[in-house]
Amino acid sequence: MLPTLYLLFAFALAGALVVLLLRPGAARAGVVWGLAAGLPLLAAIAGAFAGQTRAARVLEGYSPAPVSVALVNGVRRTTLTLAPTDVACVERALRLGVRSEVRTTGQPIPLTAQTRVEGTLPPREVVEALTLRGLECPNVRAVPEEE
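Predicted model only: the values in this text are computed from it and were never measured. (Residues numbered from 1 in each chain as written. Predicted model: local features only at pLDDT ≥ 70, side-chain atom pairs only at ≥ 80, totals over all residues. Heavy atoms only, no water.)

(A) View of the packing of helix α2 (residues 29-59) against helix α4 (residues 124-132). The contact between α2 and α4 brings their axes to 9 Å, and the two run at 130°. By the criterion of interaxial angle, the relationship of α2 to α4 is oblique. Classified by chirality, the crossing of α4 by α2 is left-handed. Within the contact between the two elements, α2 uses Gly51, Gln52, Ala55, Val58 and Leu59 and α4 uses Glu125, Val126, Ala129, Leu130 and Leu132. By residue class, the composition of the contact of α2 with α4 is seven nonpolar, two polar and one charged. (Axes fitted to C-alpha atoms, helices over the stretch in contact; angles between N-to-C directions. Helix = DSSP H or I, 4+ residues; strand = E, 2+ residues; numbered from the N terminus. Parallel < 35°, antiparallel > 145°, perpendicular 65-115°, else oblique. Left-handed = near helix turned anticlockwise from the far one by under 90°. Contact = heavy atoms within 4.5 Å. Nonpolar A, V, L, I, M, F, W, Y, C, P; charged D, E, K, R; others polar.)

(B) A look at the nonpolar core. Formed by 21 residues in total, the largest nonpolar core has its most connected members in Leu71, Leu82, Val90, Val102 and Leu111. Among the elements of the structure, α2, β1 (67-73), β2 (76-82), α3 (84-96), β4 (109-111) and α4 are those that each provide at least two residues to this core. The biggest single contributor to this core is α3, with five residues. Apart from the residues lying within four places of it in its own chain, the contact partners of Val102 are Leu71, Leu80, Leu82, Val90, Pro108, Ile109, Leu111, Asn139 and Val140. Among the nonpolar cores identified, the runner-up in size contains six residues, and Ala10, Leu35, Leu39 and Leu42 belong to it. (Core = buried A, V, L, I, M, F, W, Y, C linked by side-chain atoms within 4.5 Å. Buried < 20%, exposed > 50% of the residue type's maximum accessible area, 1.4 Å probe, protein only.)

(C) The arrangement of the side chain of Ser100 in detail. Here Ser100 shows up in strand β3 (residues 100-102). Residue Ser100 is classed as buried on the basis of its relative accessible area, which comes to 4%. Polar side-chain contacts of Ser100 include one of 3.0 Å to the backbone oxygen of Val98. The contacts of Ser100, once residues within four sequence positions are left out, are Ala93, Ile109, Pro110, Leu111, Val140, Arg141, Ala142 and Val143. (Polar contact = N/O pair within 3.5 Å; in protein donor to acceptor, adjacent residues only side chain to side chain.)

(D) Layout of the pairing of β2. Bridging between β1 and β2 involves seven bridges; their strand directions are antiparallel. Paired with Val67 across the bridge in β2 is Leu82. Turn length for the β1-β2 hairpin, with the two strands adjacent in sequence and antiparallel, is two residues, and the turn residue Gly74 shows positive phi of about 65°. (Pairing = 2+ DSSP bridges.)

(E) Representation of the environment of Val90 in the model. Structurally, Val90 can be placed in helix α3. Sequence spacing of Val90 and Val127 is 37 residues, and the spatial spacing of their C-alpha atoms is 9.8 Å. Contact partners of Val90, with chain neighbours within four places excluded, come to Leu71, Leu82, Val102, Leu111 and Val140.

(F) Main features of helix α1 (residues 2-22). With 21 residues, α1 extends 30 Å from end C-alpha to end C-alpha; this agrees with the ideal 30 Å at 1.5 Å per step. For α1, every residue scored as buried is listed here: Pro3, Ala10, Leu13 and Leu17. One side of α1 carries all its buried residues, which in axial view fall inside an arc of 85°. Across from the buried face of α1, at angles greater than 90 degrees, the exposed residues are Leu8, Phe11 and Leu22. Buried residues in α1 make contact with α2. (Expected span 1.5 Å × (residues − 1). Arc of directions from axis to C-beta.)

Next up, the structure:
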């Protein structure tokens with residue numbers, strides 16, 4: 001509802017801007033500039049609200065729970081029980097190919113392009129929706145690429 005309202009308001013401003021531009025001298029430059037500057041802002045706000053609405057719709061059926069996964073790096077296999085946010089961060093790091101590491105009580109576990117995951121990761125759509133909602137990853141951090 002809110003994205004539609006902002007989008008309609010943006011169209012109304014665009015219409016007013018067109019009318020003012022077709023009738024030179026009908027408005028001052030500051031008014032025309034203000035209308036033109038407001039259009040991208042309103043479009044961005046409408047897009048942000050639409051994204052938040054989609055994220056809420058995707059997360060309706062998602063029930064966060066700890067997940068047991070095994071991270072396999074070559075011959076090293078580490079079984080972990082991760083919090084829902086941490087497993088979402090692992091999925092995102094692996095999908096995006098970001099060299100990262102999972103912080104544990106022991107040694108950090110590297111996440112590379114060769115890392116295999118045994119277990120169930122949340123679907124990509126859920127992770128993207130969580131990212132829009134402000135997913136924080138205190139236990140999964142990016143590390144610099146090795147040269």
